[in-house]
Amino acid sequence: RVDEWTDVDRKRVMNDIIATMFNKKFMEELFKPQDLYSKKALRTVYDRLAHASIMRLNQASMDKLYDLMTMAFKYQVLLCPRPRDILLVTFNHLDAIKDFIYDNPGILNQVDETFRQLIDTYTCLSDGEFQLIRQTLLIFFQDMHIRVSIFLKDKVQNSNGRFVLPISGPVPWGTEVPGLIRIFNHKGVEVKRSEFTTAGNYVTPQREGSFELYGDRALKLGTNMYSVTRPVETHVSGSSKNLASQAKENIVPNPLAKEELNFLARLLGGLDIQKPSGGETGFRLNLFTTDEEEEHAAQTRPEELSYKVINIEATQEPGRRAELSRILGELEVAEPRPDSAEKGEDLLALMDGL
C-alpha cells in the first residue's frame, strides 16, 4: 500500500526486521551445529521475522511473500556455478542488507558481526563439504515448483515451475572451458590431446569473488532481482502427486515435533518482537494489486498448501507462568528437560509471551 507509507515508515520497518533477524542470541542458535529445519519450522521462524515490526500481512500476502522467498533462494542455490559460491550468494544478501541500514551504526555492527562469523565458520570448509550443504538445501526445495512471474519473464523458469539450467556462460572459477581432452601416462606425463565441439558457448570467468568482509563478489546471484520495476506474481503449480505428498506431510504426525518446537522456543526466545504501542495499529502490507485480489487468492489457494498457526495460552499453571516471566526477562530459555511431557505447550506458551 504505497500510498499509505512514508520513507520514515519504510526505514523503521527495515530497521526493526533487520535488528530482529541479526539479534545476537538468534544468531548464536543459528550457528550451532544442528539438523536442517522442517518446512513448518522454517515457516514459523519466517512469520516471526516478517512481523517483527509494525508491518502486518494477511494470510494470502504472507503466503505469497514466503513462496517468493523460497523460490528465489532455490534459484540462487541451483544456479551456483560451484558449491562454494553459496557463500558468495549469502555475502551478496548481507551486502544488500547493509545498504538498508548504513546510517544505523548499532544494527550495522550486528550485521558485520554475523558477517565475521560466516567467514570464520565457512571459508575454511572443503569443496566436498560445500557440495554436501548445497545438495542438502536442494533436497529441501526439490518438491517446491511455484511459478514466479519475474523468473518466467526472464526465461529462467518453465511454465511447470522448474528452473532452466544454462548451457552457456562463465564456467566455475578454477575450471577450464570444455572442449579439450588430455591423456596422461602412468607417470603423469601428457601423451595425447584432442578437441571436441561443445553445445554451449563457454567463457573463463574474469575473477573470483571476494570472501572478505568487503569486496567484489563477482557473482550476481543474490543481488537485487528488482533492478527493473515489474509486477511479481506467484502461482501454485505441480502434479496431483506432488500436492498429495505435501498434504500428507501436513497430516502425518512428526514424532520429533515437540523436540523441534522446543528448539524453536530457544531460537525465538532471543527475538525482540516489536509490538505497536499506544494507538498504533501498524501498517498492512498487501502483495496484491487490490484487497479483493488478496481475498480471492486466500480463498482459491489449495488447502494442502496453506499454513496453519496454533496459539495456546499459558494459563494452566501459575508456577509455569512465573517461570516463563523470569525467562523472558532474561531473554534466555532453559534447556528442555528430557522427561517433560508438555514440551510443545512450553514452547507455544513462550511464543505467546513474546
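The structure displayed is predicted, hence computed values, not measured ones. (Residues numbered from 1 in each chain as written. Predicted model: local features only at pLDDT ≥ 70, side-chain atom pairs only at ≥ 80, totals over all residues. Heavy atoms only, no water.)

J.: Describe the side chain of Arg217, and please don't skip the residues or the numbers.
T.: Tracing the chain through its elements places Arg217 in the loop between β6 (202-203) and β7 (234-235). Using a relative accessible area of 3% as the deciding quantity, one classes Arg217 as buried. Of note is the side chain of Arg217, whose polar atom sits 2.7 Å from the backbone oxygen of Glu212. A distance of 3.0 Å separates a polar side-chain atom of Arg217 from the backbone oxygen of Leu213. Excluding anything up to four places from it in sequence, Arg217 contacts Leu88, Phe91, Asn92, Asp95, Phe115, Gly209, Ser210, Phe211 and Glu212. (Helix = DSSP H or I, 4+ residues; strand = E, 2+ residues; numbered from the N terminus. Buried < 20%, exposed > 50% of the residue type's maximum accessible area, 1.4 Å probe, protein only. Polar contact = N/O pair within 3.5 Å; in protein donor to acceptor, adjacent residues only side chain to side chain. Contact = heavy atoms within 4.5 Å.)

J.: Go over the nonpolar core with me, naming the residues and quoting the values.
T.: Ranked by internal contacts, the top residues of the largest apolar core, which has 46 residues, are Phe91 and Phe151. Counting residues per element, the ones that place at least two in this core are α2 (24-30), α3 (39-50), α4 (59-78), α5 (85-100), α6 (105-122), α7 (127-141) and α8 (149-153). The element contributing the most residues to this core is α5, with 7 residues. Setting aside its immediate chain neighbours within four residues, Phe91 contacts Phe115, Leu118, Ile119, Ser210, Phe211 and Arg217. Formed by 10 residues, the second largest nonpolar core is a distinct cluster that contains Val13, Ile17, Ala50 and Ile54. (Core = buried A, V, L, I, M, F, W, Y, C linked by side-chain atoms within 4.5 Å.)

J.: Which residues make up the environment of Ala96, and what values go with them?
T.: Tracing the backbone through its elements, the reader meets Ala96 in helix α5. Overall, Ala96 belongs to the partly exposed group, its relative accessible area being 33%. Each C-alpha atom, one on Ala96 and one on Gly222, is 8.9 Å from the other, the two residues being 126 residues apart in sequence.

J.: Describe the packing of aromatic side chains, listing the residues and the values that go with them.
T.: On inspection of all chains with the given rule, the structure shows 8 aromatic pairs. Ring centres of Tyr75 and Phe163 lie 5.4 Å apart, and the angle between their planes is 45°; on these two criteria the pair is classed as tilted. Taken together, the residues span a long stretch of sequence, with Tyr75 in helix α4 and Phe163 in the loop between α8 and β3 (169-170) at a distance of 88 residues. The exposure classification of Tyr75 matches that of Phe163, with both residues buried. A centroid spacing of 6.5 Å and a plane angle of 70° characterise the contact between Phe91 and Phe211, whose relative ring orientation is edge-to-face. Of this pair, Phe91 sits in helix α5 while Phe211 is found in the loop between β6 and β7, placing the two residues 120 residues apart along the sequence. You'll find Phe91 and Phe211 in the same group, each marked buried. (Phe/Tyr/Trp six-rings, centres within 6.5 Å; stacked < 30°, edge-to-face > 60°.)

J.: Describe helix α1 (residues 7-21), naming the residues involved and giving the relevant values.
T.: For α1, with 15 residues, the first-to-last C-alpha span of 21 Å sits near the 21 Å given by 1.5 Å per residue. Every buried residue of α1 is listed here: Asp9, Val13, Asn15, Asp16, Ile17, Ile18 and Thr20. (Expected span 1.5 Å × (residues − 1).)

J.: Explain the pairing of strand β4 (residues 180-184) residue by residue, including any values.
T.: Bridge analysis of β4 against strand β5 (residues 190-195) gives 5 bridges, and the strand direction is antiparallel. In the sheet register, Ile181 faces β5, and the bridge partner there is Ser194. Once β4 ends, the chain turns through 5 residues before running back antiparallel as β5, passing Gly188 with a positive phi of about 85°. (Pairing = 2+ DSSP bridges.)

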